[in-house]
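Each chain is listed here by its residues.
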Amino acid sequence: MLAPEKEVMDALEKMAKYEDKMNEEHEQLVRLEQEQTKLYNEIMDLGMKRFSEVSKLSRKAQVLIEKRNKQIEEEYKNIEKAEEQLTIVKERLSHVQDETMKKQASPLIEIIGKRYDAYKSVYDHYHKALALEKEFYRLLEDEHVTLEKLQHQTDQINRAYKELLSANDQFNHYTEQYNQEKKRLYREWK
């Protein structure tokens, strides 16, 4: 294999390593989400009549939101690093002499770009949802908060998660395509 071809393969392998790290970060994020859901259920079971306990659990939930925020940032950093490798792949591919190899790599590179764009949408929607959740838990610390205000905030959170799920579906769609194209390309290049 010539130098540009090897550099393309090396960059694709580095990209895969960053993706693996991203997946590890995501697993931790899911654990934090589950922990927060448990707190939310405890709060709902208590009701506002037991305000001091609700307030205490709300503060715990806000701490978890901050942890989730840090976790999504770590996940995003790995996507950014993987995306840097995509730039290298594109640049090095332009130096590859083998036109067949270039044509074979083109669909994968296009899908990777779309996938990273889709992830950025997930990331943005996730931040929006976190901010709304944080406000919800702040409201629960107000002993005089109205049910109407809580309902309004819950509706906003639900809309934000609906948008997040839609963005996540798009990301998953591109992930499936990415995995198929990656397997195809590796078979062709071996």
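Rules used throughout
- Residues numbered from 1 in each chain as written.
- Predicted model: local features only at pLDDT ≥ 70, side-chain atom pairs only at ≥ 80, totals over all residues.
- Heavy atoms only, no water.
- Axes fitted to C-alpha atoms, helices over the stretch in contact; angles between N-to-C directions.
- Helix = DSSP H or I, 4+ residues; strand = E, 2+ residues; numbered from the N terminus.
- Parallel < 35°, antiparallel > 145°, perpendicular 65-115°, else oblique.
- Left-handed = near helix turned anticlockwise from the far one by under 90°.
- Salt bridge = Lys/Arg side-chain N within 4 Å of Asp/Glu carboxyl O.
- Buried < 20%, exposed > 50% of the residue type's maximum accessible area, 1.4 Å probe, protein only.
- Patch = residues over 30% accessible without salt bridge, like charges linked within 9 Å, V, L, I, M, F, W, Y side chains within 5 Å.
- Areas by Shrake-Rupley, 256 points an atom, 1.4 Å probe, with all protein chains shown as cover.
- Lys, Arg positive; Asp, Glu negative; His and termini not counted.
- Charge placed at Lys NZ, Arg CZ, Asp CG, Glu CD.
- pLDDT = per-residue confidence, 0-100.
- Core = buried A, V, L, I, M, F, W, Y, C linked by side-chain atoms within 4.5 Å.
- Contact = heavy atoms within 4.5 Å.
- Phe/Tyr/Trp six-rings, centres within 6.5 Å; stacked < 30°, edge-to-face > 60°.

A. Spotlight on the packing of helix H2 (residues 51–93) against helix H3 (residues 99–139). Packing of H2 against H3 brings their axes to within 10 Å, and their N-to-C directions diverge by 165°. Considering the angle they form, H2 stands roughly antiparallel to H3. Seen from above, H2 lies across H3 with left-handed handedness.

B. Focus on the pattern of salt bridges. According to the stated counting rule, one finds 16 salt bridges in the structure shown. Measuring nitrogen to oxygen at the nearest pair gives 3.2 Å for the salt bridge that ties lysine 77 to glutamate 74. Taken together, the residues lysine 77 and glutamate 74, both in helix H2 and three residues apart, mark about one turn of the helix. In this structure lysine 77 comes out as partly exposed when scored by relative accessible area, which is 41%. Judged by its relative accessible area of 32%, glutamate 74 falls in the partly exposed class.

C. Region of interest: a positive patch on the surface. A surface patch of positive charge is lined by Lys14, Lys17, Lys21 and Lys81. Tallying contributions element by element places helix H1 (residues 3–46) first for the positive patch, with three residues. Mapped onto the secondary structure, lysine 17 falls in helix H1. Lysine 17 sits in the exposed class, given a relative accessible area of 58%.

D. Molecular detail of the confidence of the model for the protein chain. On average, residues of the protein chain score 94 in pLDDT, and 99% of them reach the 70 mark or higher. The least confident element of the protein chain, judged by mean pLDDT, is H1 at 93; the most confident is H3 at 96.

E. Quick look at the nonpolar core. Of all hydrophobic cores here, the largest spans 54 residues; its most connected members are Leu12, Met15, Ile112, Tyr119 and Trp189. Mapped onto this core, the elements with two or more residues apiece are H1, H2, H3 and helix H4 (147–189). Considering every element that reaches this core, the biggest residue donor is H3, with 18 residues. Not counting residues within four places of it along the chain, the set of residues in contact with leucine 12 comprises Val89, Leu108, Ile112, Leu185, Tyr186 and Trp189.

F. Spotlight on the environment of alanine 61. When you line up the elements, alanine 61 lands in helix H2. Given a relative accessible area of 0%, alanine 61 falls into the buried group. C-alpha of alanine 61 to C-alpha of leucine 185: the two residues are 124 residues apart in sequence and 45 Å apart in space. For alanine 61, the residues in contact, after removing those within four places along its chain, are Gln36, Leu39 and Tyr137.

G. A look at the packing of aromatic side chains. All told, the structure shown has five aromatic pairs when counted by the stated rule. Here the aromatic rings of tyrosine 76 and tyrosine 119 are separated by 6.2 Å at their centres, their planes lie at 25°, and the arrangement is stacked. Taken together, the positions of tyrosine 76 in helix H2 and tyrosine 119 in helix H3 put the pair 43 residues apart, joining distant regions of the chain. Like tyrosine 76, the residue tyrosine 119 is buried in the burial classification. With centroids separated by 5.6 Å and ring planes inclined at 65°, the aromatic side chains of tyrosine 119 and phenylalanine 171 adopt a geometry described as edge-to-face. With a gap of 52 residues between them, tyrosine 119 in helix H3 and phenylalanine 171 in helix H4 connect regions that are remote in the sequence. One exposure class covers both tyrosine 119 and phenylalanine 171, and it is buried. Every member of this aromatic cluster is reached through a ring pair, and the members are Tyr76, Tyr119, Tyr123 and Phe171.

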